[in-house]
Amino acid sequence: MLKVSRLRRGFARSAVATMSSYHATPPDRTIEAAPPSGPPGQSEQPASIPMPVAQGGRRRSKAVLAVRAAVFGLLTVMTADQFYVVSLLPRPVQGGSMAPAVYGGHHRIRCDECGHEFPVFSMPNGALPPVVPCPHCGRRVRIAEHNRTWCHGDVAWIVRSPYWFRGPRRWEIVGFRYPVAASHLLAKRVVGLPGETIAIRDGEVYINGSICRKPWPVLRSMLSPLPLARDYRQPRELPCEVRLSSPATNYCYSHPGWDQLEVPIRDLVLFFSLTRFTVGARGDNAVLRIRADDGDRGWTVTFDFLKGQVAAERAGPPGGEDQTTPHANATGDRTSAQRFTAPLPQGLRRQVSPSGTQWPIPIAVSLADRRLVVLVREQPVLDVPYEPQPLTQAIVRPFVIEAEGAAGTVDNVEVMRDVYYLPPYPTEVPMPGPIPMGQQRAPAAPPDGVSEPLRVMVAPAEMKEPPFEVRIAADHYFLLGDDSHTSLDSRYWRPRYAVPAEHILGRAMILPRR
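First things first, this report covers the structure right here in the doc.

Cut-offs applied
- Residues numbered from 1 in each chain as written.
- Predicted model: local features only at pLDDT ≥ 70, side-chain atom pairs only at ≥ 80, totals over all residues.
- Heavy atoms only, no water.
- Helix = DSSP H or I, 4+ residues; strand = E, 2+ residues; numbered from the N terminus.
- Buried < 20%, exposed > 50% of the residue type's maximum accessible area, 1.4 Å probe, protein only.
- Pairing = 2+ DSSP bridges.
- Salt bridge = Lys/Arg side-chain N within 4 Å of Asp/Glu carboxyl O.

As for unusual backbone geometry
Now for step 1: For the bond from A99 to P100, the omega torsion is 10°, close enough to zero to count as cis.
Now for step 2: Locating P100 in the fold gives a position in the loop between β1 (91-92) and β2 (106-110).
Now for step 3: Phi at R370 takes a positive value of approximately 55°, unusual for a residue other than glycine.
Now for step 4: Topologically, R370 is positioned in the loop between β23 (361-366) and β24 (371-376).
Now for step 5: What makes R370 buried here is its relative accessible area of 5%.

Details of the sheet that holds strand β10 (residues 197-201)
Now for step 1: Ordered by their spatial adjacency, four strands build an open sheet running β12-β11-β10-β29, and the pairing between neighbours is antiparallel. Two strands lie at the open edges of the sheet, namely β12 (210-211) and β29 (468-471), each paired on one side alone.
Now for step 2: Here strand β11 (residues 204-207) pairs with β12 via two bridges, running antiparallel. Its bridge partner lying in β12, Y206 is registered against I211.

Looking at the pattern of salt bridges
Now for step 1: Tallied over the full model, the rule gives 21 salt bridges.
Now for step 2: Ionic pairing is found between R339 and E313, a salt bridge with its closest N-O pair at 3.5 Å. Highlighted residues: R339 in strand β22 (residues 339-343) and E313 in strand β20 (residues 309-314), separated in sequence by 26 residues.
Now for step 3: When its relative accessible area of 41% is taken as the criterion, E313 is described as partly exposed.
Now for step 4: Counted as one network, the salt bridges with shared partners bring together R166, E172 and R507.

Next up, the structure:
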């Protein structure tokens, strides 16, 4: 046993000596055998085999790791490009056919009168118009170096993964290959799905005969401002009459260099902040009332903060006969054929007290998509679909805000409009005679005799072409741009008027860069 243990110690010492000499020996030498250990007379251990050391081993290890990392990165890029995104780098958006939801490269113009900044896209020839109207105050602004700034616009990723297990959904923005030239990539909004019948009438989209209403987040992203007669950004005591500087039309202020066909509209949205609401001495009947003109009978929206409810009432029709169709999907309790109520958000009643002002309360009233929607802090509290009579007069005073049994102050008042979808433009812009509902708008001569694009106001009935209606084939999608004046979309892509499913590359994820 003693000899065996000594032999084991000898092997261990030999191994340690071998490893030590291996790390201490320069690379161009070989490792010599270690001398035997143990008492005299013990048999010598077999000599270690010489072990050559490779030249530049560490450098080759780093090179191998670098090659492996490069191959892995290349495979990751190829996999992501094939399955997840069309391009790892976001692509810049070009043009303004999806404005105001998505902006391409444009100029920011600052109005010398009101100080607002607004986007303006170039004319078809690439130049800027010399004079543009301000969408906030309506005044004419001459473009110069001191009041314009170039903005690169938004960028977008086209993501494939959302459509692995489902098809595109309505109102999503998708990236696809241009049906006429497949090498071009475009971004539009999905409006029609396979097998549906699409119609465009009076600025609205109809699906299988029923109006297609947009969810509030989608509608909010598609709104454009209308010019007001005065600056309503400053606090104003109630009552407050909101007036437009010109009749509400579908004129696109971001493309003032394009010939446009103007049509009076009723799809308006009011935004304001209630900054003060002091209940009177009696304190039993304090309400905030909003009167909305939709060109027909109008709506009256009443906020009763003490009772914690909001009510919407529609004025009776001429002759006393009620022609309002009840809607089962209206939010709140329908107390009559023309009156709807709903509770206010929890806690809002406590914010309005006889002691006076509390925090500002953002409120919005929307008449877009043939539907009354009342919102508090961007949350819908009342939703009433309805069908108004055809528009017979242009709207100039769309909203009046007033208080009863209380005193209040509002600020940041703004009126915006929804998208007005036009049918395909006729070959010639119609030039009608006098129109009962409004005057044909001939722009005043600009300074220095500079010519301006044509602006013609017409009634929907004056459109020469019949209403647009088409049935979508299977595995095809009907796509529209948000700016109906300038967008080249499914309205013009004959004969199918739609994009095949295989041309849609993925969902467009927009990254604002304005």
